[in-house]
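# Structural overview for review
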Amino acid sequence: MATLRVPASVPPADEDCEQLRKAFAGWGTNEDLIIQILAHRNAAQRKLIREVYAATYGDDLLKDLDAELSSDFQRAVLLWTLDPAERDALLAYEATKRLTASNWVIMEIACTRSSQDLFKARQAYHARYKRSIEEDVAYHTAGDFRKLLVPLVTAFRYEGDDVNMTLAKSEAKLLHEKISEKAYNNEEIIRILTTRSKAQLNATLNQYNNEFGNAINKNLKDDPKDEYLKLLRATIKCLTSPERYFEKVLRLAINRVGTDEWALTRVVTTRAEVDLQHVKEEYHKRNSVPLDRAIAGDTSGDYEKMLLALTGHGDL
């Protein structure tokens, strides 16, 4: 369910381009006009705006936005304006670089996108970086992290609701056996998590809970400081309850000393057209504060206005 509010009557793309061009003209940039247009256009409309802008002015809208804007506001606008597949490709690329390395972002993209969307992200990565995501993930990770992340980013899961309960029972038992042995990097655990459909995984983990009296993630807390176990638990949460995973990312980003703007921007821009409404509900339930109020209390200026527009609380 999308949160983004698109005006009932959207001007033609050429009008939007003309207004954006005006926003860049003169000595100062009209940031409010940029937010008014781009934050209230869906992915297809934003893509058309970029195409018409290039055809009309011979310039790349993303390059012009990059030149005109700065700081966290710039990053939020640029990520939002990108096609979702291009955005995921950029985020994955950053996640394999030394200064911005993040196994969590790679896992997040692999586990919370549909099979088709993950495939499109991999294609966009090929086109932009002339390499594959799995090639870079494999090169920049090692050990248990590589064993888990490479098959996650190459997965093409069945998207339907069909579930095999016999399989769910046998694989719940298999997971319990390996976890009891503390064989957390066992190839069978990784096989199940990286190949089964999300519906099948939910059935398996429900069976695990019913049969053994504990949610699987509770049995994966043997060493709270173990980074691989943390990633394994987050993988399971992403695959089965993405709204709970994203709520926690937002909570940690906002509540820490010094906001984690990269995490906040990433979640808002990637989920606004997907499931941000569910994430907002989960956030309010968990923190007793609406997400928009938490964002407003922790950000300021044009960056705050952009995020609030994407969460459905900005002024149209």
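Residues numbered from 1 in each chain as written. Predicted model: local features only at pLDDT ≥ 70, side-chain atom pairs only at ≥ 80, totals over all residues. Heavy atoms only, no water.

## Notes on the side chain of Q207
Inspection of the secondary structure assignment puts Q207 in helix α13 (residues 198-212). Accessibility expressed as a relative area gives 13% for Q207, which makes it buried. Not counting residues within four places of it along the chain, the set of residues in contact with Q207 comprises M165, A168, K169 and A172. (Helix = DSSP H or I, 4+ residues; strand = E, 2+ residues; numbered from the N terminus. Buried < 20%, exposed > 50% of the residue type's maximum accessible area, 1.4 Å probe, protein only. Contact = heavy atoms within 4.5 Å.)

## Some points on the domain arrangement of the protein chain
Taken domain by domain, the protein chain holds domain 1 (13-69), domain 2 (84-154), domain 3 (165-240) and domain 4 (242-311). For domain 2 versus domain 4, the separation of C-alpha centres amounts to 23 Å. On the side of domain 4, eight residues touch domain 2, which itself brings eleven residues to the contact. Looking at the side of domain 2 facing domain 4, the largest losses of area belong to R87, E108 and T112, adding up to 53% of the total buried there. Our enumeration of links across domain 2 and domain 4 arrives at one salt bridge. (Domains from an automatic or database assignment. Buried area = accessible area lost by both parts, 1.4 Å probe. Salt bridge = Lys/Arg side-chain N within 4 Å of Asp/Glu carboxyl O.)

## Re the packing of aromatic side chains
One pass over the structure, following the stated rule, counts nine aromatic pairs. Plain terms: the ring middles of F119 and F156 are 6.1 Å apart, the flat faces sit at 85° to each other, and that makes the pair edge-to-face. A residue pair is termed long-range when its members are at least 10 positions apart, and F119 in helix α8 (residues 115-129) and F156 in the loop between α10 (143-153) and α11 (165-180) qualify at 37 residues. A relative accessible area of 35% means that F119 is categorised as partly exposed. F156 sits in the exposed class, given a relative accessible area of 52%. When the centroid spacing of 5.2 Å and the interplanar angle of 75° are considered together, the rings of Y245 and F246 count as edge-to-face. (Phe/Tyr/Trp six-rings, centres within 6.5 Å; stacked < 30°, edge-to-face > 60°.)

## Side note on the packing of α10 against helix α12 (residues 187-195)
It is at 9 Å that the axes of α10 and α12 come closest, and there the two elements cross at 25°. The angle between α10 and α12 falls in the class roughly parallel. Relative to α12, the crossing made by α10 is right-handed. Facing K147, L148, P151 and L152 of α10, the residues of α12 in contact are I190, L193 and T194. By residue class, the composition of the contact of α10 with α12 is five nonpolar, one polar and one charged. (Axes fitted to C-alpha atoms, helices over the stretch in contact; angles between N-to-C directions. Parallel < 35°, antiparallel > 145°, perpendicular 65-115°, else oblique. Left-handed = near helix turned anticlockwise from the far one by under 90°. Nonpolar A, V, L, I, M, F, W, Y, C, P; charged D, E, K, R; others polar.)

## Quick notes on unusual backbone geometry
At S71, a residue that is not glycine, the phi angle is positive and equals roughly 60°. Relative to the helices and strands, S71 is located in helix α5 (residues 71-81). Of note, S288 is a non-glycine position whose phi angle comes to about 60°, a positive value. Secondary-structure assignment places S288 in the loop between α17 (276-287) and α18 (291-298).

## As for the pattern of salt bridges
Two side chains bearing opposite charge may form a pair once their charged atoms approach each other closely. A complete count under the given rule lists 23 salt bridges for this structure. The residue D59 makes a salt bridge to R21 at a minimum N-O spacing of 3.0 Å. Within this pair, whereas D59 is found in the loop between α3 (43-57) and α4 (61-68), its partner R21 is found in helix α1 (residues 13-24), the two being separated by 38 residues in sequence. Overall, R21 belongs to the partly exposed group, its relative accessible area being 29%. Bridged by salt links that share partners, the residues E171, E188, R191 and R196 form one connected network.

## Looking at the UniProt feature "binding site: Ca(2+) 1" (unreviewed entry) in the protein chain
In the numbering used here, UniProt assigns the "binding site: Ca(2+) 1" (unreviewed entry) feature to F24, G26, G28, E68, I254, R256, G258, A296, T299 and E304. What stands out for the annotated residues spanning 281 residues is how far apart their C-alpha atoms range, the widest pair being 38.7 Å apart. As for the lining of the largest pocket, the annotated residues named previously contribute R256. On the basis of relative accessible area, G258 is assigned to the partly exposed category, the value being 43%. (UniProt positions renumbered as here; feature names shortened; annotations may be inferred. 1 Å grid on protein atoms, 1.4 Å probe; cavity = no way out; pocket = protein on both sides within 12 Å on 5 of 7 lines; lining within 4 Å.)

## Some details on a positive patch on the surface
The grouping of K218, K221, K248 and R286 at the surface amounts to a positive patch. Position of K248 relative to the elements: it lies in helix α15 (residues 242-255). (Patch = residues over 30% accessible without salt bridge, like charges linked within 9 Å, V, L, I, M, F, W, Y side chains within 5 Å. Areas by Shrake-Rupley, 256 points an atom, 1.4 Å probe, with all protein chains shown as cover. Lys, Arg positive; Asp, Glu negative; His and termini not counted. Charge placed at Lys NZ, Arg CZ, Asp CG, Glu CD.)

## Observations concerning the packing of α4 against α5
Where α4 meets α5, the axes come as close as 9 Å, and the angle between the chain directions of the two elements is 170°. Between α4 and α5, the angle falls in the class roughly antiparallel. Of the residues in α5, those in contact with L61, L62, L65 and D66 of α4 are Q74, V77, L78 and T81. When the residues that make up the contact of α4 with α5 are grouped by side-chain class, the tally is five nonpolar, two polar and one charged.

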